[in-house]
Amino acid sequence: MTVELLGGRGTELWPWPGRVFAVGPSHTFLQFANAINDAFARWDRSHVSMFTLADGRMVTDDETGAELAASIGGPLTVPIDMARVKVARLVEPGAEFQFTFDLGDGWTHRCVVEAEKVDPLEVLGIRPAAPLSYWGWGSIPDQYGRRWSVCFVKWKSAV
């Protein structure tokens, strides 16, 4: 599966940084979300995330799904629990869907299921317990837009 980061925090990225993942038939959307966040250097995981499938169905955690379903502009279908549903059950080769990390900052990713399946033993040398990125390109922005460490030190002179 190929995942490209389109943008976030009101900024569109170009060229899109991307990662290629091995996603197996037993892997859940929650595991895939965690793998994407690992691959795109997300260190603050306290934000809500969700997948939006091509047909409009939403895959998110139970609490967020319930809130979205109860809202006035909520989804037309009941959200799907990302911790329980397997990726392979809802998407097939050639499918395209979206992953959003941090609904406030809207880090938006384009996910495309490759037409050809890969043999994880041949490509990775292992059969990973969770989705795993194995190829990538591009510069990954800091999730809060920081470009350097903010560290203020009060210097004392040795006079």
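Our structure is the block above this text.
Residues numbered from 1 in each chain as written. Predicted model: local features only at pLDDT ≥ 70, side-chain atom pairs only at ≥ 80, totals over all residues. Heavy atoms only, no water.

Caption draft 1: Main features of the overall build of the protein chain. Each helix and strand in the protein chain was counted, giving four helices and nine strands. When its helices and strands are written in sequence order, the protein chain yields β-β-β-α-β-β-α-β-α-β-β-α-β. Within the protein chain, buried positions represent 37% of all 159 residues. Taking the contacts inside the protein chain whose residues are at least 6 apart along the sequence as the reference set, 59% of them involve residues at least 24 apart. Of the roughly 10000 Å² that the protein chain leaves accessible, carbon and sulfur atoms contribute 56%. (Helix = DSSP H or I, 4+ residues; strand = E, 2+ residues; numbered from the N terminus. Buried < 20%, exposed > 50% of the residue type's maximum accessible area, 1.4 Å probe, protein only. Contact = heavy atoms within 4.5 Å. Areas by Shrake-Rupley, 256 points an atom, 1.4 Å probe, with all protein chains shown as cover.)

Caption draft 2: Up close: the layout of surface pockets. Volume-wise, the largest pocket comes out at about 580 Å³. Only strand E3 (18–22) and helix H3 (87–90) provide two or more residues apiece to the lining of the largest pocket. No other element matches the three residues that E3 contributes to the lining of the largest pocket. Residues belonging to the lining of the largest pocket are distributed by class as follows: 15 nonpolar, three polar and five charged. (1 Å grid on protein atoms, 1.4 Å probe; cavity = no way out; pocket = protein on both sides within 12 Å on 5 of 7 lines; lining within 4 Å. Points joined across faces, edges and corners; volume = space filled by probe spheres on them. Nonpolar A, V, L, I, M, F, W, Y, C, P; charged D, E, K, R; others polar.)

Caption draft 3: Examining unusual backbone geometry more closely. At the junction of Trp14 and Pro15, the peptide bond is cis and its omega measures out at -5° in the coordinates. In this structure, Pro15 sits in the loop between strand E2 (11–12) and E3. Residue Asp102 is not a glycine yet carries a positive backbone phi of 65°. Following the sequence through the fold, Asp102 ends up in the loop between strand E7 (96–101) and strand E8 (107–112). The buried category is assigned to Asp102, whose relative accessible area is 7%.

Caption draft 4: Geometry of empty space enclosed by the protein. Evaluation of the coordinates by the stated rule reveals one cavity of 30 Å³ or more. Quantified by volume, the largest cavity comes out at close to 30 Å³. As for the largest cavity, its lining consists of Leu5, Phe40, Arg42, Trp107, Ile140, Pro141 and Gln143. Looking at side-chain class alone, the lining of the largest cavity contains five nonpolar, one polar and one charged residues.

Caption draft 5: Fine view of the environment of Val91. Structurally, Val91 can be placed in the loop between H3 and E7. In this structure, the C-alpha to C-alpha distance between Val91 and Leu53, residues 38 residues apart in sequence, is 8.1 Å. Every residue in contact with Val91, bar those within four places of it in the chain, is listed here: Leu53, Phe97 and Val113.

Caption draft 6: The arrangement of the side chain of Thr2 in detail. Tracing the chain through its elements places Thr2 in strand E1 (residues 2–8). What makes Thr2 buried here is its relative accessible area of 14%. In terms of polar contacts, Thr2 uses its side chain to reach the side chain of Glu114, at 2.4 Å. Setting aside chain neighbours within four positions, we find Thr2 in contact with Arg19, Val20, Arg110, Cys111, Val112, Glu114 and Trp137. (Polar contact = N/O pair within 3.5 Å; in protein donor to acceptor, adjacent residues only side chain to side chain.)

All quantities given are derived from atomic positions and should not be read as evidence of function.
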